[in-house]
Amino acid sequence: LLHQVHGVTVDNSVSFVVNGANDAPVLTTPTAVLVDDTVAYNTFSAYTGTFASTDVDLNDTKAFTVTGSAANTATGAAYAAFNKMVVDTLGTLYFSSSTGAYRFEFSASAVNALTATATNTFAVTVTDSQSGTAGKNLVVTVANAVVGVGLQHSGEGARGARAWGRSACLIG
C-alpha cells in the first residue's frame, strides 16, 4: 500500500489471515419412487437415479450411506457399479457409496402380496472429507388396489327368479 505523507512516499504492508471453515455438503431430496399395484400379478422395472450432492468447499470428496446398508452381494453386470445394498420389505436398494448412483428393485412377490398401500423410507446421508454431513430420505411407495368381493345382480333366471353372483370389485 503506497501513500504520500508531506511529500514522502510511504510503503505500508497489510496482511490478512483467512481462517477457512468447513461448509457441510448439501444433499438434494431424491425423487420419490411411486408405483401402482393392480389386482393382477405385476412385475416392476428397476428404478434408477443418483443421490445428488454439492459442496462449496473445493476438493472435498464425499461418501454416501443409507441406514441399514451392507456390502453388495449381488452379482452380474447390472450390479457392478454398486458396492452397498439395503434389503427391505418392498425390494432392494443398491447404491454406490462414492458416486451416489442407485438402483431400486421391487420384490414382485412382496408387492403383489400387499393388501394396502405401503411406503418405505431410506435415510440417505452424504459425508464430506471434512466430516460435514447432510441427510435426506428416499421414499418408495406402492399404491395398492385392494380386491373386495361384492354382489352383482345378473337379471332374471329361467324360472323368473333373480340370480345373484359374486364378482370382484376394486376398492380404493
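The following refers to the structure shown. Counting of residues starts from 1 at the beginning of each chain's written sequence and follows it residue by residue. Given that this is a predicted model, residues contribute local features only at a pLDDT of at least 70 and side-chain atom pairs are listed and counted only at 80 or more, while totals for whole chains, interfaces and linings are drawn from all residues. Each side-chain value is derived from all of the structure's non-hydrogen atoms; neither hydrogens nor water enter the calculation.

Looking now at the overall build of the chain. Put simply, DSSP marks the helices as runs of H or I at least four residues long and the strands as runs of E at least two long, and each gets a number from the N terminus on. If you tally the helices and strands in the chain, you get one helix and 15 strands. Relative accessible area decides the class of each residue, using a 1.4 Å probe on protein chains only: under 20% of the type maximum gives buried, over 50% gives exposed, and in between gives partly exposed. The proportion of buried residues among the 172 residues of the chain is 29%. Considering only residue pairs separated by 6 or more positions, the chain has 54% of its internal contacts joining residues 24 or more positions apart. A total accessible area of about 10,800 Å² is found for the chain, and carbon and sulfur atoms account for 55% of it. In this analysis, two residues are considered to be in contact whenever any of their non-hydrogen atoms come within 4.5 Å of each other. Residue-level accessible areas treat just the shown protein chains as cover; the underlying method is Shrake-Rupley with a 1.4 Å probe.

A separate point is the nonpolar core. The tendency in soluble globular proteins is for nonpolar side chains to be buried as a group. Among buried residues, those of type Ala, Val, Leu, Ile, Met, Phe, Trp, Tyr and Cys that are joined through side-chain atoms within 4.5 Å constitute a nonpolar core. If you look at the biggest cluster of nonpolar residues, it comprises 22 residues, and the most contacted ones within it are Phe51, Val66, Leu93, Phe106, Phe122 and Leu138. When contributions to this core are tallied by element, the ones reaching two or more residues are strand E4 (33-37), strand E7 (62-66), strand E10 (91-95), strand E11 (101-106), strand E12 (118-128) and strand E13 (133-144). For Leu138, the residues in contact, after removing those within four places along its chain, are Pro30, Thr31, Val33, Phe51, Leu93, Tyr102, Asn120, Thr121, Phe122 and Val124.

On to the sheet that holds E10. By definition, two strands form a pair when at least two bridges between them are found by DSSP. Spatially, five strands are ordered E5-E11-E10-E9-E8 in an open sheet, and the strand pairing comes out antiparallel. Because the sheet does not close on itself, it has two edges, and the strands there are strand E5 (47-50) and strand E8 (70-71). One ladder, built from five bridges, connects E10 with E11; its direction is antiparallel. For Gly91, the partnering residue across the bridge sits in E11 and is Phe106.

What follows is about the pattern of salt bridges. A carboxyl oxygen of Asp or Glu within 4 Å of a side-chain nitrogen of Lys or Arg is what we treat as a salt bridge. Evaluation of the coordinates by the stated rule reveals one salt bridge. Two residues, Arg103 and Glu105, come together in a salt bridge whose shortest N-O distance is 2.6 Å.

Patches here are clusters of residues that have more than 30% relative accessible area and form no salt bridge, with a 9 Å joining cutoff for like charges and a 5 Å cutoff for nonpolar side chains (Val, Leu, Ile, Met, Phe, Trp, Tyr). Taken together, the side chains of Val14, Phe16 and Val18 define a hydrophobic patch exposed on the protein surface, amounting to about 400 Å² of accessible area. Following the sequence through the fold, Val14 ends up in the loop between strand E2 (8-11) and strand E3 (26-27).

Within the secondary structure layout, Ser97 lies in the loop between E10 and E11. Between N or O atoms, a polar contact is any pair within 3.5 Å; within protein, one atom must be a potential hydrogen donor and the other a potential acceptor, and residues adjacent in sequence are included only when both atoms are from side chains. A polar contact is formed between the side chain of Ser97 and the side chain of Asn83, at a distance of 2.9 Å. Setting aside its immediate chain neighbours within four residues, Ser97 contacts Lys62, Ala63, Phe64, Asn83 and Lys84.

Here the focus is the sheet that holds E13. Strand order in the open sheet made by the four strands is E4-E13-E12-E7, with mixed pairing throughout. The strands lining the two open edges of the sheet, one partner per strand, are E4 and E7. The sheet shows a mean angle of 20 degrees between the axes of neighbouring strands, direction not considered. Both E4 and E13 contribute to a ladder of five bridges, which runs parallel. Axis definition: a line fitted to C-alpha atoms, limited for helices to the stretch in contact. Angles are taken between N-to-C directions and run from 0 to 180 degrees.

This brings us to the pairing of E11. Buried residues dominate E11, accounting for five of its six residues. Between the end of E10 and the start of E11, which pair antiparallel, lie five residues, with Gly100 showing a positive phi angle near 85 degrees.

So, on to the packing of aromatic side chains. Whether two aromatic rings pair depends on their centres lying within 6.5 Å, for rings of Phe, Tyr and Trp, where Trp uses its six-membered ring; planes under 30 degrees apart make the pair stacked, over 60 edge-to-face, and the rest tilted. Overall, the coordinates contain seven aromatic pairs when judged by the stated rule. With a centroid separation of 5.4 Å and 50 degrees between ring planes, the pair formed by Phe44 and Phe106 is classed as tilted. Note that Phe44 is positioned in the loop between E4 and E5 and Phe106 in strand E11, a separation of 62 residues in sequence. Ring-pair connections join several aromatic residues into one group, and the members of that group are Phe44, Phe104, Phe106 and Phe122.

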